[in-house]
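An overview of the molecular structure
The primary structure of each chain is shown beneath.
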Amino acid sequence: MRDTVMDILTENPVEAAPLLEARGLRFSAGGQDLIHGIDVGVEPGKRTLVMGANGSGKSLLLRLLHGLLTPAAGQVLWRGHAPDRAARRAQAMVFQRPVMLRRSVLANLNFALKVHGLAGRARAERAQEALEMARLTDLATHPARVLSGGEQQRLAVARALVCEPELLFLDEPTSSLDPASTQMIEDLVNAAHARGVTIVMVTHDMGQARRMGDEVIFLHSGRVAERGPLDRVLGAPRSEAARAWTQGRLYTAKPD
Amino acid sequence: MFRRHLLSLALGATLALGTTAAQAQDEFIVVQSTTSTQNSGLFDHILPMFEDKTGIEVRVVAVGTGQAIKNAANGDGDVLFVHAKPAEEKFVAEGHGVSRADVMYNDFVIVGPPSDPAGVAGMSDVVAALTRIAEAEAPFASRGDDSGTNKAELRLWKEAGIDAQAASGGWYRETGSGMGATLNTGTAMDAYIMTDRATWIAFGNKGDYQIAVEGDPKMFNQYGIILVNPEKHDNVKAEAGQAFIDWVLSDEGQAAIAGYKVDGQQLFFPNAGS
Amino acid sequence: MFSFGDIMTEALGLILTWDRDLSEIVLLSLRVTLTAVAIACLIGLPLGAVVGAFRFRGRGAVTVLLNALMGLPPVVVGLFVYLMLSNAGPLGILGLLYTPSAMIIAQTILVTPIVAALTKQVVEDLHGEYAEQFASFGLTARERVAALLWDARYSLLTVALAGFGRAVAEVGAVLIVGGNINHVTRVMTTTIALETSKGNLELALALGVLLLVLAVIVNALVMALRASAVRAAYA
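Residues numbered from 1 in each chain as written. Chains lettered and ligands numbered in written order. Predicted model: local features only at pLDDT ≥ 70, side-chain atom pairs only at ≥ 80, totals over all residues.

Comments concerning the overall build of chain B
Spelled out, the test is: Helix numbers and strand numbers start at the N terminus; a helix is a DSSP run of H or I with at least 4 residues, a strand a run of E with at least 2. Here the C-beta atoms are placed from the backbone, and a residue counts as buried if at least 20 other C-beta atoms lie within 10 Å of its own, exposed if 12 or fewer do, and partly exposed otherwise. Contact definition: two residues whose C-beta atoms, as placed from backbone geometry, lie within 7 Å.
When you go through chain B residue by residue, the secondary structure sums to 11 helices and 12 strands. Across the 274 residues that make up chain B, the buried fraction comes to 47%. Once local pairs closer than 6 in sequence are excluded, the contacts in chain B between residues at least 24 apart make up 76%.

In structure tokens:
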């Protein structure tokens with residue numbers, strides 16, 4: 001199925017339709033409008049970064065795109081259609097604080113595979129591969145919740161990737177990790193990207209952005225302030241919000 | 001997987017329990033009776049004789065007479081074996097029972113603390129004794145549970161012309177529980193208590209209490225036995241129930257009752273057919 | 001005067017001179033209570049998990065009801081089951097009154113709300129932590145409930161023990177629906193009530209001590225099981 005899609009994409013060099021698209025997304029909570037009508041598209045095979053100051057709505061946008069939150073208005077389209085169960089299963093997400101099931105490392109991986117309908121030898125093999133990839137083989141039988149923060153996040157990434165999603169969301173996955181752990185997470189994500197997985201990641205870290213980004217969606221106060229190729233947005237920002245951010249200034253102006 | 005096992009285990013257990021009950025259905029009868037016969041040990045003495053002879057198991061539900069009659073009227077039992085003659089006759093008259101027969105009697109006594117605040121120790125006229133207790137407003141613990149003993153006690157108060165229940169909460173204290181519980185409560189508050197002699201002799205928590213009033217024929221306590229009406233409740237095992245009644249009323253059954261002694265004292269006096 | 005030394009001697013004597021009648025009573029107590037707790041868990045665990053993990057209309061009402069039912073007096077449950085199973089009642093035809101099955105039914109009704117209400121609390125807390133991850137996995141409702149119950153299994157053991165404690169200690173319900181029939185429906189608590197009414201207070205209290213010992217043994221076994229399993233899979 002995925003191969004066919006990739007084939008079609010390669011056969012049609014026309015700038016491909018977005019894999020995921022948001023149209024007029026609005027979201028509010030507690031009587032406050034937090035996302036004010038966002039239109040964005042995520043291109044297949046690209047690494048799109050969602051950036052912006054604290055409270056600009058990055059995590060909310062990610063959750064709206066992934067379908068964890070229901071928008072007050074507007075819609076999210078997967079390959080041009082309303083997302084169904086198959087769409088959900090073609091996506092995965094890694095959270096800022098990894099959510100570990102109260103089971104062993106291996107059982108965490110098996111759980112995700114089982115949900116995707118894998119069983120028996122196929123499941124065992126996939127789980128082993130994921131363990132090796134995340135360098136967790138020696139910890140396979142350990143309870144997931146006794147792992148270090150870095151190991152837990154590696155397991156979370158491996159668990160998200162083990163079902164071979166087409167699109168992987170990451171919400172500041174390395175914000176509480178040391179440089180070595182951060183490096184390993186980035187390697188895992190980049191390797192997945194090299195295998196064709198589309199990446200959408202929230203990050204605050206300029207260095208990480210330069211290492212990991214193709215495209216940037218820059219948010220300010222629940223609106224898209226600017227979007228485009230990473231080098232351009234971070235190198236020569238056009239919006240005041242992005243410019244202030246790259247210069248380390250606080251920018252508080254409320255648009256309109 | 002694990003949970004499926006648990007499910008079948010639990011269902012299996014429930015079914016197994018149900019089947020045991022169903023299989024044993026024809027081999028036992030349920031007798032609704034009173035705490036006095038049970039607690040005194042009479043049933044433990046006579047029932048094995050009947051069971052050995054007939055192979056019919058007798059299951060005794062020992063509650064207050066009031067509750068026993070209610071249960072039997074619901075058809076929850078095959079035989080009613082209690083001691084409250086007017087209520088029993090009403091039970092038969094209403095069609096719940098086939099007929100009533102006298103089985104045996106024992107007698108009630110009034111027990112009291114050694115201090116004897118009403119000065120009734122040694123009396124044999126129960127009506128006079130109750131009058132004195134009321135005049136002295138000495139504590140009196142009543143079961144207050146509509147049991148056979150309670151009914152007998154209320155009849156005696158009435159005969160003495162005293163509205164004891166008007167003093168309820170004062171010197172007249174209604175425990176609302178069985179004979180044993182009332183004895184436990186009453187002895188703890190130095191109250192006079194009317195009890196059947198059988199329960200008193202077998203009672204293990206007498207403390208320094210003694211029998212104060214005894215020997216008045218008005219305190220005779222007649223037990224009756226009734227087959228629950230199978231025409232009203234078709235689950236009643238009329239044949240087995242009647243076999244038990246016949247045995248209890250037979251010479252053999254009556255001798256068994258007379259033969260039951262605690263500390264050398266005979267507790268129940270058979271009087272079937274008299 | 002009572003001496004607690006005498007009572008302990010009596011309790012020890014009971015255990016040392018352990019006879020068939022006593023085994024019968026103890027085993028029936030365990031059989032009735034453990035079966036009731038097992039059935040209550042089969043009903044209460046999924047029920048509590050559903051109420052704990054999902055938002056639906058009437059959820060608040062269900063929660064209040066479950067919490068209120070936790071306080072049901074055993075006597076009331078006994079009366080209710082008696083009226084159901086009585087030959088004059090709607091289920092009299094089953095012939096279950098005055099059998100261990102009737103006692104199991106009554107205790108199941110007593111314990112299920114406890115299991116459900118406590119499960120709801122445990123699962124609700126866990127679900128708060130898991131909700132986004134589960135939504136991301138795209139779990140079905142059934143997968144969600146199963147995963148929550150499995151991951152809460154050690155806390156739920158304590159829930160089951162709370163149910164066991166309530167059931168093994170109650171006398172009001174089993175006395176009414178079981179009838180305390182010797183060799184048929186006599187259990188530890190009804191024996192204690194009977195011996196108390198006979199004025200055999202030392203014996204009654206000694207039986208109480210024995211009941212406590214049993215409860216301690218069951219709790220210790222479950223906790224040992226839990227501890228070894230926790231070491232294997234949980235932090």
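Details of the overall build of chain C
Secondary structure summary: chain C contains 10 helices and zero strands in total. Its helices and strands in sequence order give chain C the pattern α-α-α-α-α-α-α-α-α-α, from N to C terminus. The dimensions of chain C, computed from C-alpha atoms along their principal axes, are 65 × 50 × 30 Å. When the 235 residues of chain C are sorted by exposure, 49% land in the buried category.

What to know about the domain arrangement of chain B
All names here are of chain B. Stated precisely, the cut-off is as follows: Just so you know, the domain bounds were taken from an automatic or database domain assignment. Note that Gly is not counted as nonpolar here; it falls among the polar residues with everything else outside the nonpolar set of Ala, Val, Leu, Ile, Met, Phe, Trp, Tyr, Cys and Pro and the charged set of Asp, Glu, Lys and Arg.
By domain assignment, chain B separates into domain 1 (28-106 + 222-270) and domain 2 (107-219). Counting residues at the interface gives 21 residues for domain 1, matched by 15 residues for domain 2. Elements that contribute at least two residues to the side of domain 1 that touches domain 2 include exactly α2 (35-39), α4 (65-73) and β4 (97-112). In terms of residue class, the side of domain 1 that touches domain 2 is made up of eight nonpolar, 12 polar and one charged.

Examining the interface of chain C and chain B
Counting from both sides, the interface comprises 25 residues of chain C and, opposite them, 32 residues of chain B. For the side of chain C that touches chain B, the elements supplying multiple residues, two or more each, are α2 (20-53), α5 (100-137) and α9 (188-197) of chain C. The biggest single contributor to the side of chain C that touches chain B is α2(C), with four residues. Residues of the side of chain C that touches chain B, tallied by class, amount to 12 nonpolar, 12 polar and one charged.

So, the nonpolar core
The nonpolar side chains of soluble globular proteins are, as a tendency, buried together. Stated precisely, the cut-off is as follows: Any set of buried Ala, Val, Leu, Ile, Met, Phe, Trp, Tyr and Cys residues joined through C-beta atoms within 7 Å is what this text calls a nonpolar core.
One finds Ala106(C) and Val177(C) to be the most contacted residues of the largest nonpolar core, which totals 218 residues. Element by element, the count of residues in this core is highest for α5(C), at 19 residues. Domain assignment of the residues forming this core places at least three in each of domain 1 (28-106 + 222-270) and domain 2 (107-219) of chain B. Discounting chain neighbours no more than four positions away, the residues touching Ala106(C) are Val77(C), Gly78(C), Val81(C), Ala173(C), Val174(C) and Val177(C).

Some details on the interface of chain C and chain A
Listed by partner, the interface residues are 14 residues for chain C and 18 residues for chain A. Mapped by element, the contributors of at least two residues to the side of chain C that touches chain A are α5 and α6 (141-151) of chain C. A total of seven residues in the side of chain C that touches chain A trace back to one element, the largest contributor, which is α5(C). Among the residues forming the side of chain C that touches chain A, the class breakdown is seven nonpolar, three polar and four charged.

Focus on the arrangement of the chains
No other pair among the two pairs of chains in contact exceeds the contact count of chains B and C. The two partners chain A and chain B share no contact, and the minimum distance between any of their C-alpha atoms is 15 Å.

Brief notes about the packing of helix α4 (residues 74-85) of chain C against α5(C)
Residue and element names in this part refer to chain C. Definition in use: Fitted lines through C-alpha atoms give the axes, limited to the stretch in contact for helices. The angle between two N-to-C directions lies from 0 to 180 degrees. Angle categories: roughly parallel below 35 degrees, roughly antiparallel above 145, roughly perpendicular from 65 to 115, and oblique for all the rest. Helix crossings get a hand from a simple test, with the near helix turned counterclockwise from the far one by less than a right angle marking a left-handed crossing and a clockwise turn marking a right-handed one.
The N-to-C vectors of α4 and α5 enclose an angle of 135°; their axes lie 9 Å apart at closest approach. Classified by the interaxial angle, the pair formed by α4 and α5 is oblique. Viewed along their axes, α4 and α5 form a crossing whose handedness is right-handed. Within the contact between the two elements, α4 uses Pro-74, Val-77, Gly-78, Val-81 and Leu-85 and α5 uses Ala-102, Ile-105, Ala-106, Ile-109 and Leu-110.

Points about the sheet that holds strand β4 (residues 73-78) of chain A
Backbone hydrogen bonds are what pair the strands of a sheet, in a parallel or an antiparallel way. Residue and element names in this part refer to chain A. To keep it simple, the criterion reads: Any two strands with at least two DSSP bridges between them are considered paired.
Pairing is antiparallel across the open sheet formed by three strands, whose spatial order is β2-β1-β4. Either end of the sheet is taken by a strand with one partner, and the two such strands are β2 (32-42) and β4. Within this sheet the neighbouring strands show an average axis-to-axis angle of 20°, counted without direction.

Observations concerning the environment of Gly78(C)
Residue and element names in this part refer to chain C. Of note, Gly-78 is situated in helix α4. Taking the number of C-beta atoms within 10 Å as the measure of exposure, Gly-78 has 25 and is therefore buried. For Gly-78 and Ala-227, which are 149 residues apart along the polypeptide, the C-alpha to C-alpha distance reads 36 Å.

Section: the confidence of the model for chain C
Stated formally: Known as pLDDT, the predictor's confidence for each residue is given on a scale from 0 to 100.
In this model, chain C carries an average pLDDT of 92, and 97% of its residues clear a pLDDT of 70 or more. Across the interfaces of the predicted complex, the ipTM metric reaches 0.87, alongside a pTM of 0.83.

Concerning the packing of α5(C) against helix α7 (residues 153-169) of chain C
Residues and elements named next belong to chain C. Their axes nearest at 9 Å, the elements α5 and α7 cross at an angle of 155°. The orientation of α5 with respect to α7, classified from their angle, is roughly antiparallel. As α5 packs across α7, the resulting crossing turns out to be right-handed. For the pair formed by α5 and α7, the contact residues are Gln-107, Leu-110, Val-111, Ile-114, Val-115, Leu-118, Thr-119 and Val-122 on the first element and Ser-155, Leu-156, Val-159, Ala-160, Ala-162, Gly-163, Arg-166 and Ala-167 on the second. Its residues placed into classes, the contact of α5 with α7 shows 11 nonpolar, four polar and one charged.

Comments concerning α4(B)
All names here are of chain B. Those residues of α4 not exposed but buried are Thr-65, Ala-68, Ile-69, Asn-71, Ala-72 and Ala-73. The inward-facing, buried residues of α4 contact β1 (28-34), β2 (57-63), β3 (79-82), α5 (85-93), α7 (148-159) and β9 (220-228). Where α4 terminates, the next one or two residues include Gly-75, which has phi positive at roughly 85°.

Looking at the sheet that holds strand β9 (residues 223-229) of chain A
Residue and element names in this part refer to chain A. The six strands lie next to each other as β5-β6-β7-β3-β8-β9, forming an open sheet whose pairing is mixed. Each end of this open sheet is capped by a strand with a single partner; those strands are β5 (91-94) and β9. With direction set aside, neighbouring strand axes in the sheet form an average angle of 15°. Here strand β3 (residues 47-52) pairs with strand β7 (residues 198-202) via four bridges, running parallel. In the strand pairing of β7, Val-50 is matched with Val-202.

Observations regarding unusual backbone geometry
A positive phi angle, close to 55°, is found at Arg135(A), a residue other than glycine. Its place among the elements puts Arg135(A) in the loop between α5 (120-133) and α6 (149-161). With phi around 60°, Tyr98(C) is a residue other than glycine that occupies positive phi space. Judged by local crowding, Tyr98(C) falls into the buried class, with 26 C-beta atoms found within 10 Å.

Regarding the environment of Leu113(A)
All names here are of chain A. Relative to the helices and strands, Leu-113 is located in helix α4 (residues 105-115). Through-space distance from the C-alpha of Leu-113 to that of Gly-196 is 20 Å; in sequence the pair is 83 residues apart. If near-sequence neighbours (up to four positions away) are discounted, Leu-113 is found in contact with Leu-118, Arg-123, Arg-126, Ala-127, Val-162 and Cys-163.

Regarding the pairing of strand β7 (residues 192-196) of chain B
Residue and element names in this part refer to chain B. For β7, the tally of buried residues reaches five of five residues, placing the bulk of the element in the interior. Going residue by residue along β7, you find Tyr-192, Met-194 and Asp-196 tucked away on one face and Ile-193 and Thr-195 tucked away on the opposite face as well. Relative to β7, β4 is paired through four bridges, and the arrangement is antiparallel. Paired with Val-109 across the two strands is Thr-195, which belongs to β7. Examined bridge by bridge, strand β5 (residues 140-142) and β7 share two bridges and lie parallel to one another. Bridge assignment links Phe-140 to a residue of β7, and that residue is Tyr-192.

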